[in-house]
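Remarks on the overall topology
Here is how the chains run, residue by residue.
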Amino acid sequence: MNTFIQKKKARWTSKQETFVVQPKILIYVLGEPFEADDYKVSGEYYFYDEDGNEITLYDWKSTSLYDDTLLSPKEFWESDSIYEFSIGAEDKPQAKKFKEWLITKLVNHLKISI
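Thresholds applied
- Residues numbered from 1 in each chain as written.
- Predicted model: local features only at pLDDT ≥ 70, side-chain atom pairs only at ≥ 80, totals over all residues.
- Heavy atoms only, no water.
- Phe/Tyr/Trp six-rings, centres within 6.5 Å; stacked < 30°, edge-to-face > 60°.
- Helix = DSSP H or I, 4+ residues; strand = E, 2+ residues; numbered from the N terminus.
- Buried < 20%, exposed > 50% of the residue type's maximum accessible area, 1.4 Å probe, protein only.
- Core = buried A, V, L, I, M, F, W, Y, C linked by side-chain atoms within 4.5 Å.
- Arc of directions from axis to C-beta.
- Salt bridge = Lys/Arg side-chain N within 4 Å of Asp/Glu carboxyl O.
- Pairing = 2+ DSSP bridges.
- Polar contact = N/O pair within 3.5 Å; in protein donor to acceptor, adjacent residues only side chain to side chain.
- Contact = heavy atoms within 4.5 Å.

**Notes on the packing of aromatic side chains**
One pass over the structure, following the stated rule, counts 11 aromatic pairs. For the pair Phe47 and Trp101, a centre-to-centre distance of 5.6 Å together with 70 degrees between the ring planes defines the contact as edge-to-face. Here Phe47, found in strand S3 (residues 44-49), pairs with Trp101, found in helix H3 (residues 92-113); they are 54 residues apart in sequence, far enough to count as distant. For the pair Phe47 and Trp101, a shared accessibility class is recorded, and that class is buried. Arranged with centres 5.8 Å apart and planes meeting at 50 degrees, the rings of Phe76 and Phe85 form a pair that is tilted. In terms of burial, Phe76 and Phe85 fall into one category: buried.

**Focus: the nonpolar core**
Inside soluble globular proteins, nonpolar side chains tend to come together where they are buried. In this structure, Leu26, Leu30, Phe47, Leu57, Phe98 and Leu102 are the most contacted members of the largest nonpolar core, which totals 21 residues. With five residues, H3 is the largest single contributor of residues to this core.

**Digging into helix H1 (residues 23-30)**
Every buried residue of H1 is accounted for by Pro23, Ile25, Leu26, Val29 and Leu30. For H1, the arc enclosing every buried residue in end-on projection is 155 degrees, short of the 170-degree limit, so these residues lie on one face. Looking one or two residues beyond H1, the residue adopting positive phi is Gly31, at roughly 90 degrees.

**Brief notes about the pattern of salt bridges**
Scanning the entire structure with this criterion turns up four salt bridges. Of the charged contacts in the structure, one is a salt bridge between Lys24 and Asp80, with a shortest N-O distance of 2.5 Å. Taken together, the residues span a long stretch of sequence, with Lys24 in helix H1 and Asp80 in the loop between helix H2 (73-77) and strand S5 (83-89) at a distance of 56 residues. Residue classification places Asp80 among the partly exposed positions, given a relative accessible area of 49%. The network of salt bridges with shared partners includes Glu17, Lys96 and Lys99.

**Details of the pairing of strand S4 (residues 54-58)**
Of all the five residues making up S4, five are buried; the element is thus mostly covered by neighbouring parts of the structure. A two-sided burial pattern is seen for S4, the buried positions comprising Glu54, Thr56 and Tyr58 on one face and Ile55 and Leu57 on the other. Bridge count for S3 against S4 is five bridges, and the pairing is antiparallel. Counted as the bridge partner of Tyr48 is Glu54 from S4.

**Description of the side chain of Ser79**
Mapped onto the elements, Ser79 comes out in the loop between H2 and S5. A distance of 2.9 Å separates a polar side-chain atom of Ser79 from the backbone nitrogen of Ser81. Setting aside residues up to four positions removed in sequence, Ser79 forms contacts with Gln22, Pro23 and Lys24.

**Comments concerning the environment of Pro73**
Assignment of secondary structure puts Pro73 in helix H2. Judged by relative accessible area, which is 24%, Pro73 ranks as partly exposed. Excluding its chain neighbours within four sequence positions, the residues that come into contact with Pro73 are Ser42, Thr63, Ser64 and Leu65.

Just distances and angles here, no functional claims.
Here you go:
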């Protein structure tokens, strides 16, 4: 089974996958995201796997930081709507493993909380 651990900061990653979810569900399960570049990314989560590979989960051009017609970062992260998030990793297999782990984590957490 793959294990991913949250951390405070990651080096550079590249978008390899996407994941759709309500932003407020991520906050409920993972906690508040870290501030990012305050332009194209309003919040970001950092992880690493058992081999030390770094993974990031972030919104991309989803808020008024990038486009004034979009929701503010606060409104976005409190939203009930489903949005696409980017999964950054060194390669697709790492991102796919992370995506599987994240789905399991969200489902298990929400089952326990209901």
